[in-house]
Amino acid sequence: MTLKINNPGLATSIQDLGRQGYFHLGIPMGGAMDRFALRAANMLVGNDEGAACLEAVFMGPEIEFTRTATVAVTGAQLPIKVDGEIQEAWSSFVVKAGQTLSFEFLQSGARLYIAVSGGITTPKALGSRSTYPIGALGGVEGRAVQAGDELPTGGDEGPGAGRFVSENLRRMPGSPAILRVLPGLYWHRLTEAAGNGFFEDEWMVAPEADRMGYRFKGGRPLEFVDREQPFGAGADPSNIVDGCYSYGSIQVPGGTEPIVLHRDAVSGGGYFTLGAIISADMDLIGQLQPHTPVKFERVDMRAAIAARNDRKLLLQKIREELA
Amino acid sequence: MKTRYTFGGDEHVYIEMDDEMSLDAFFKSLSMSNAVRDARIEGVTEICPANASFQVRFDPDVIHPDDIMTRIKELEHKAESAEKRLTTRIVEIPVYYQDPWTHETLMRFRERHQDPNGTDLDYAAKINGFSTVEEFIEAHHSQPWFVSMVGFVAGLPFLYQLVERDKQLQVPKYLRPRTDTPKLTVGYGGCFSCIYSVRGAGGYQMFGVTPMPIYDPEQKVSHLKDFMVFFKPGDIVKWKPINRAEYDAITAAVEDGSYVPRIAEVEFDLDEFNADMRGTNAKMLEALNDA
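Residues numbered from 1 in each chain as written. Chains lettered and ligands numbered in written order. Predicted model: local features only at pLDDT ≥ 70, side-chain atom pairs only at ≥ 80, totals over all residues.

Caption draft 1: Local environment of the sheet that holds strand 11 (residues 150–151) of chain A. All names here are of chain A. Taken in spatial order, the six strands of this open sheet run 7-6-9-4-1-11, and their pairing is antiparallel. Edge positions in the sheet fall to strand 7 (85–87) and strand 11, since each of these pairs with one other strand and no more. Sheet topology note: the strand 6 (residues 80–82)/strand 9 (residues 100–103) ladder contains three bridges and is antiparallel. Within strand 9, the position partnered with valine 82 by the bridge is leucine 101. (Pairing = 2+ DSSP bridges. Helix = DSSP H or I, 4+ residues; strand = E, 2+ residues; numbered from the N terminus.)

Caption draft 2: Summary view of helix 7 (residues 244–255) of chain B. When the terminal C-alpha atoms of helix 7 of chain B are compared, their 17 Å separation across 12 residues agrees well with the 16 Å that a helix rising 1.5 Å per residue should span. Remark: B:Gly257 follows helix 7 of chain B within two positions and exhibits a positive phi of approximately 80°. (Expected span 1.5 Å × (residues − 1).)

Caption draft 3: Structural detail: the domain arrangement of chain B. Residues and elements named next belong to chain B. The domain architecture assigned to chain B consists of domain 1 (4–82) and domain 2 (87–290). Look at where the C-alpha atoms of domain 1 and domain 2 centre, and you get two points 28 Å apart. Between domain 1 and domain 2, the residue contacts involve eight residues of the former and nine residues of the latter. Among the elements that take part in the side of domain 1 that touches domain 2, helix 1 (residues 23–38) stands out by supplying four residues, more than any other. Grouping the constituent residues of the side of domain 1 that touches domain 2 by class yields seven nonpolar, one polar and no charged. (Domains from an automatic or database assignment. Contact = placed C-beta atoms within 7 Å. Nonpolar A, V, L, I, M, F, W, Y, C, P; charged D, E, K, R; others polar.)

Caption draft 4: Summary view of the packing of helix 1 (residues 35–44) of chain A against helix 4 (residues 301–322) of chain A. All names here are of chain A. The contact between helix 1 and helix 4 brings their axes to 10 Å, and the two run at 10°. Judged by the angle between their axes, helix 1 and helix 4 are roughly parallel. Contacts between helix 1 and helix 4 pair Phe36, Arg39, Ala40, Met43 and Leu44 from the former with Arg311, Leu315, Ile318, Arg319 and Leu322 from the latter. (Axes fitted to C-alpha atoms, helices over the stretch in contact; angles between N-to-C directions. Parallel < 35°, antiparallel > 145°, perpendicular 65-115°, else oblique.)

Caption draft 5: How the structure looks around the environment of B:Glu92. Residues and elements named next belong to chain B. When you line up the elements, glutamate 92 lands in strand 5 (residues 85–97). By C-beta crowding, glutamate 92 is classed as partly exposed, having 19 other C-beta atoms within 10 Å. Each C-alpha atom, one on glutamate 92 and one on lysine 238, is 4.8 Å from the other, the two residues being 146 residues apart in sequence. Residues within four places of glutamate 92 in sequence aside, it is in contact with Lys238, Lys240, Pro261, Arg262 and Leu288. (Buried ≥ 20, exposed ≤ 12 C-beta atoms within 10 Å, placed from the backbone.)

Caption draft 6: Spotlight on the domain arrangement of chain A. Residue and element names in this part refer to chain A. Here chain A is described as being made up of domain 1 (3–167) and domain 2 (177–313). Across the boundary between the two partners, domain 1 contributes 17 residues, which contact 13 residues of domain 2. For the side of domain 1 that touches domain 2, the elements supplying multiple residues, two or more each, are helix 1, strand 5 (69–77) and strand 10 (108–116). Looking at the side of domain 1 that touches domain 2, its residues break down into eight nonpolar, six polar and three charged.

Caption draft 7: Geometry of unusual backbone geometry. Going from A:Ser175 to A:Pro176, the amide bond is cis rather than trans, its omega being 0°. Secondary-structure assignment places A:Pro176 in the loop between strand 11 and strand 12 (177–183).

Caption draft 8: A look at the packing of helix 5 (residues 120–127) of chain B against helix 6 (residues 133–142) of chain B. All names here are of chain B. Where helix 5 contacts helix 6, the axes come no closer than 9 Å and their chain directions differ by 80°. One element, helix 5, and the other, helix 6, form an angle in the roughly perpendicular class. Where helix 5 abuts helix 6, its residues Leu121, Asp122, Ala124 and Ala125 lie against Val133, Glu135 and Phe136. Class assignment for the residues of the contact of helix 5 with helix 6 results in five nonpolar, no polar and two charged.

Caption draft 9: Local environment of the pairing of strand 14 (residues 213–217) of chain A. All names here are of chain A. Here strand 13 (residues 203–209) pairs with strand 14 via three bridges, running antiparallel. Each residue of the ladder has a partner; that of methionine 204, found in strand 14, is lysine 217. Between strand 13 and strand 14, which follow one another and run antiparallel, lie three residues. As paired elements, strand 14 and strand 17 (residues 259–261) share three bridges and run antiparallel to each other. The residue of strand 17 that forms the bridge with tyrosine 214 is valine 260.

Next up, the structure:
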């Protein structure tokens, strides 16, 4: 045991890059909401990029180390302390056996990633250590971290202090946050005016924002093209015959509040989706606090792939910087 | 029935066989998703069949979205010529209708329901033209069901009843979804029945509960030792009404590891079924009774 959880913070969970291949059984991919930050944290402490870390939301945990390790914290910004002494974010530092890692109040962003050299080594479930509480998979016996938990780690001391990710290579959302959308799926259900309005309006992150999905409010209600509802779909114009949901797809139940489905989302259901957030921007959503203003920006496939390549290039630059 | 192809972001292709539910659409979707699996296209990471559609997840770093779209479209003719025939199993699922746990839950969320003065079954019976709840329950369990999709949450089956369209039961979902549903609730929404594999939020009407677990991440339950999820698309289900004493007996048997679900292997041929629905069902139920 190397990590003793004195205080779990708020919904702190073990996450890696998630599990693949079980979506057709209703088991979501899971994994870090901000995979970019998780990869960077792991690189800083010399781990495989997909090693399991702690993902904490809005508030940091308090952790006592029983073995010396290299540690890095990325993602949301908040003062990081080791036995009361302030440490740099997006940088590696050493926590010695017997010392305590703690945090002060959140300053910006929403999710922080705590990587420890050797990674967290709780048992894998279906190929991943990611916590999926609804299905009681991964994490600590299928749940989030609690006070009193003792988490095993790989145990090596890592590369030590002094490694860092340059500020220009870090990626966090602006304000308003711009989220790029590829229209598709059931986009044809919307009237042209409603489709345009969705992109013109400014939205705001609603309080209902978690690992399953992010809800947005503040824009005009969306109007649907008139039709007789198909057999089996349900009476509401936003209903469809239940189908699969894409990662990042945007559903708008009743046409009022868009919900972007994230890592722990339900795998399918009966609401129309108007398209999906491009893969390059999904990490940014993980860093949005409630009440953050958001603009959705319409892009085509070419722009989506270009953005994906930009994100890959940024990760490659971090790899080279830390090599 | 006209197939519609679209992208879900830059990592998914979504293929809708039809916008309305039918077994023809389901079979075409299943055949085509199997054809995509058999084609072993490099870059494909997940293939998820649904009721009348399916989704392919891919890695755009490996295959360009336009290329995978072309490859999938080329496979449509295979689905059209595929046999609409399955070797599958029929499973008897015991259901305790009007149980105390779903009753407590539906009363707790009454203000989110279309009819705050009755139960979910009262409402479902009424809007489907039955004069009593008992007659509605009889219609729900007398003919078998087809698992047309697994998903929403871990291991949850969507089921479609094997009867003529004008005999299909239809109910809307709750006006606003509940934040709680008892584990193993037998639910209903649109033309689909479901079993809530885990406790949690839900919008389907609640009719009863089964004592038979269908999801076990620890794989301790005897019939879930090989894999944690029980259902797969193509399974056929027969609900068996049980009372409280039978519910308690099965629950005890599940706990001591002696419960064995009643299952029989059957062939399901869509053309044969369409030609004689009641006859095909009777044959499958006979196989189940012999098991």
